[in-house]
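Letter by letter, the chains look like this.
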Amino acid sequence: MSYFKILGIVFGLAAMLKPFYMHLIPWDENKFIAKAYAKKRPKWIVPVAIVGLLLVAFTWYKELTTDVAYSMVITIIFSLTAIKALIFIFDYEKFQKWVAGMLAEKAGKKILLIDIAAGIFGLIVIVASVLIY
C-alpha cells in the first residue's frame, strides 16, 4: 500500500472521527479543550508540533523522491497541518486566546461547527485516498 494512501486514510480518519470523539461521547469536551490549551503552553505542545513538522517534511521527501500519481494532493493537504504546528511553537498565546474566545461564545458552538467541518473534510480525504491510490 502506498505511503500516501496510508497517510490519507489515517489523517482522514482522525479528522472524520473528530466530531464523534469530541462531541457525541458523553463527556465535557469544552473542559478538555480548555485544559489542553491552557493559558500557559503545556509541555506536550512543542514536542508534538515538532513531530508533526517532521512528518510533514518526510511526506515532502516521499513526494520528491517517489513517482506516485497524485501524491501532491495528499502532500499539500497534509502540509496544512504545519500551519498549526508553527503557531503552536511561535505564537501559542494568540491561538490560546482564539480557542478561549470560542469556548466562551455560545458554549463552544463554533468549535462544534469547526469539528463538523473537519469531519466532512476527513471523509473527503478518505474517499480521495481510496479512489486515487
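Above this note sits the structure.
Values in this document were obtained by computation on a predicted structure and should not be read as measured data. (Residues numbered from 1 in each chain as written. Predicted model: local features only at pLDDT ≥ 70, side-chain atom pairs only at ≥ 80, totals over all residues. Heavy atoms only, no water.)

(A) Region of interest: the overall build of the protein. Across its full length, the protein holds eight helices and zero strands. Along its sequence from the N terminus, the protein presents helices and strands in the succession α-α-α-α-α-α-α-α. Considered along the principal axes of its C-alpha atoms, the protein spans approximately 45 × 30 × 20 Å. Scored against the burial criterion, the 133 residues of the protein give a buried share of 33%. (Helix = DSSP H or I, 4+ residues; strand = E, 2+ residues; numbered from the N terminus. Buried < 20%, exposed > 50% of the residue type's maximum accessible area, 1.4 Å probe, protein only.)

(B) Representation of the environment of Asp67 in the model. Relative to the helices and strands, Asp67 resides in the loop between helix H4 (45-65) and helix H5 (71-79). Taking relative accessible area as the criterion, Asp67 reaches 79% and is therefore assigned exposed. For the pair Asp67 and Lys106, spaced 39 residues apart in sequence, the C-alpha to C-alpha distance is 48 Å.

(C) Representation of the layout of surface pockets in the model. Here the largest pocket is characterised by a volume of approximately 1400 Å³. Phe11, Lys18, Tyr37, Thr81 and Lys84 are the residues nearest the centre of the largest pocket, which is lined by 37 residues in total. Secondary structure elements with two or more residues in the lining of the largest pocket: helix H1 (3-16), helix H2 (18-24), helix H3 (29-36), H4, H5, helix H6 (81-90), helix H7 (92-104) and helix H8 (109-132). Looking at side-chain class alone, the lining of the largest pocket contains 32 nonpolar, two polar and three charged residues. (1 Å grid on protein atoms, 1.4 Å probe; cavity = no way out; pocket = protein on both sides within 12 Å on 5 of 7 lines; lining within 4 Å. Points joined across faces, edges and corners; volume = space filled by probe spheres on them. Nonpolar A, V, L, I, M, F, W, Y, C, P; charged D, E, K, R; others polar.)

(D) Quick peek at the side chain of Lys5. Position of Lys5 relative to the elements: it lies in helix H1. Here Lys5 occupies a buried position and makes no salt bridge, while the nearest side chain of opposite charge, Glu63, is found at 16 Å. With near-sequence residues (within four places) excluded, Lys5 lies in contact with Ser129, Val130 and Tyr133. (Lys, Arg positive; Asp, Glu negative; His and termini not counted. Salt bridge = Lys/Arg side-chain N within 4 Å of Asp/Glu carboxyl O. Contact = heavy atoms within 4.5 Å.)

(E) Inspection of the nonpolar core at higher detail. Counting 13 residues, the largest nonpolar core has Ile33, Tyr37, Phe88 and Val99 as the members making the most contacts within it. If you list the elements that add at least two residues to this core, you get H4, H6 and H7. When residues of this core are assigned to their parent elements, the largest contribution, five residues, is made by H7. Dropping the residues within four chain positions of it, Val99 is found in contact with Ile33, Tyr37 and Ile111. Counting nine residues, the second largest nonpolar core, distinct from the first, contains Phe4, Val56, Ile74 and Phe78. (Core = buried A, V, L, I, M, F, W, Y, C linked by side-chain atoms within 4.5 Å.)

(F) Spotlight on the pattern of salt bridges. What the rule picks out here adds up to one salt bridge. The partner of Asp115 in a salt bridge is Lys18, with the nearest N and O atoms 3.1 Å apart. One end of the pair, Asp115, is in helix H8; the other, Lys18, is in helix H2, and 97 residues separate them in sequence. The class of Asp115 is buried, set by a relative accessible area of 3%. On the basis of relative accessible area, Lys18 is assigned to the partly exposed category, the value being 26%.

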